[in-house]
Amino acid sequence: THEHRAWTTREILTTRNFWLPVIALLPLSMAFGGVQFNLAAYAQDLGNSVSQAAWLISVLSLAMIIGKLFFGFMADRVEHRNLYWLAAGFMCLTLIGLQGDPSYLVLVLCSVSMGLAVGGLLPLMGAIYSHRFGARSFGRVMGLVTMIITIGGFGPLIAGAVFDATGNYDAAFILFLAVLIPAALGMLGLKR
């Protein structure tokens, strides 16, 4: 079966089971970066103290740990697409919650929601690809995936540029949502 053979780079790069998760995970990574690296500044722009802004980062970090444990545990028990949609749903809630002039409580809830979403990113990526390409090709597949996912590093730059142009992050958060939703729908085509 395919689990026991080694896939060539060409075979990997020409299969839907490689590209659909990459295309779905990339906007999640981009949105996370765009929010995470601007979260403290954003919180302070809304009138919160430096210590309140720092607390949000702590909440986010704790939620990421919980997300990693949860998604890692569930990856062997629940269909991967459903777990991905759960993570994408948390990220969408975050992007919607951050619109306008959110209260500090909403910022805390968004930090939890985003942490849970992104905590799931690595365990999900590992589970999705190991189940579809097997152990012998896992290193090669993950190397290719990671190379592409690094494009998500443009998220903070996009959010910063939008802030510089408009004076707030709302348009950036809407842009991230506009990319994340169709990418999440694309996961419908992922084979089990």
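It should be noted that the structure appears before, not after, this text.
Worth saying up front: this structure is predicted, and the values here are computed from it rather than measured. (Residues numbered from 1 in each chain as written. Predicted model: local features only at pLDDT ≥ 70, side-chain atom pairs only at ≥ 80, totals over all residues. Heavy atoms only, no water.)

Engineer: Before we move on, could you go through helix α8 (residues 135-149) and cite the residues and values that matter?
Structural biologist: Between its first and last C-alpha atoms α8 spans 21 Å; for 15 residues at 1.5 Å apiece the expected length is 21 Å, and the two agree. Within α8, burial applies to Ser137, Val141, Met142, Leu144, Val145, Ile148 and Ile149. Lining the buried residues of α8 we find α1 (9-13), α2 (16-36) and α7 (121-133). (Helix = DSSP H or I, 4+ residues; strand = E, 2+ residues; numbered from the N terminus. Expected span 1.5 Å × (residues − 1). Buried < 20%, exposed > 50% of the residue type's maximum accessible area, 1.4 Å probe, protein only. Contact = heavy atoms within 4.5 Å.)

Engineer: Go over the side chain of aspartate 170 with me, naming the residues and quoting the values.
Structural biologist: With respect to the helices, strands and loops of the structure, aspartate 170 is situated in helix α10 (residues 170-186). Buried aspartate 170, no salt bridge; nearest opposite-charge side chain is lysine 68, N-O distance 26 Å. Residues within four places of aspartate 170 in sequence aside, it is in contact with Leu98, Gln99 and Gly100. (Lys, Arg positive; Asp, Glu negative; His and termini not counted. Salt bridge = Lys/Arg side-chain N within 4 Å of Asp/Glu carboxyl O.)

Engineer: Outline the packing of aromatic side chains, supporting the account with residue identities and numerical values.
Structural biologist: The tally for this structure, following the rule as stated, stands at 9 aromatic pairs. Ring centres of tyrosine 129 and phenylalanine 133 lie 6.1 Å apart, and the angle between their planes is 25°; this geometry places the pair in the stacked category. In this pair, tyrosine 129 and phenylalanine 133 both sit in helix α7, 4 residues apart, roughly one turn of the helix. Exposure class is identical for tyrosine 129 and phenylalanine 133. Each is buried. Ring centres 5.9 Å apart and planes at 20° place the aromatic pair tyrosine 169 and phenylalanine 173 in the stacked group. For the pair tyrosine 169 and phenylalanine 173, a shared accessibility class is recorded, and that class is buried. Lying over the aromatic face of tryptophan 7, arginine 5 brings its terminal NZ or CZ to 4.2 Å of the ring centre. In this arrangement the basic side chain of arginine 77 is found over the ring face of phenylalanine 73, its NZ or CZ atom lying 3.7 Å from the centre. (Phe/Tyr/Trp six-rings, centres within 6.5 Å; stacked < 30°, edge-to-face > 60°. Lys NZ or Arg CZ within 6 Å of the ring centre and 35° of its normal.)

Engineer: I'd like a rundown of the environment of arginine 136, residues and numbers included.
Structural biologist: Tracing the backbone shows arginine 136 in helix α8. In sequence terms arginine 136 and valine 106 are 30 residues apart; their C-alpha atoms lie 45 Å from each other.

Engineer: Break down the packing of α2 against α10 for me, citing the residues and quoting the values.
Structural biologist: Interhelical geometry of α2 versus α10 gives an angle of 160° and a closest axis separation of 8 Å. By the angle class used here, α2 and α10 are roughly antiparallel. As α2 packs across α10, the resulting crossing turns out to be left-handed. Along its contact with α2, which presents Leu20, Ile23, Ala24, Pro27, Leu28, Met30, Ala31, Gly34 and Val35, the element α10 presents Phe173, Phe176, Val179, Leu180, Ala183 and Gly186. The residue inventory of the contact of α2 with α10, partitioned by class, reads 13 nonpolar, 2 polar and no charged. (Axes fitted to C-alpha atoms, helices over the stretch in contact; angles between N-to-C directions. Parallel < 35°, antiparallel > 145°, perpendicular 65-115°, else oblique. Left-handed = near helix turned anticlockwise from the far one by under 90°. Nonpolar A, V, L, I, M, F, W, Y, C, P; charged D, E, K, R; others polar.)

Engineer: An account of α2 is requested, with residue identities and associated values reported.
Structural biologist: Its 21 residues place the ends of α2 30 Å apart at the C-alpha level, agreeing with the 30 Å of an ideal helix rising 1.5 Å per residue. Counting buried positions along α2 gives 17 out of 21 residues, so the element sits mostly inside the fold.

Engineer: Explain the nonpolar core to me, using residue names and the numbers behind them.
Structural biologist: Grouped together as the largest cluster of nonpolar side chains are 61 residues, with contacts concentrated most on Phe18, Tyr84, Met91, Leu95 and Tyr129. When residues in this core are grouped by element, the largest group, 11 residues, is from α2. (Core = buried A, V, L, I, M, F, W, Y, C linked by side-chain atoms within 4.5 Å.)

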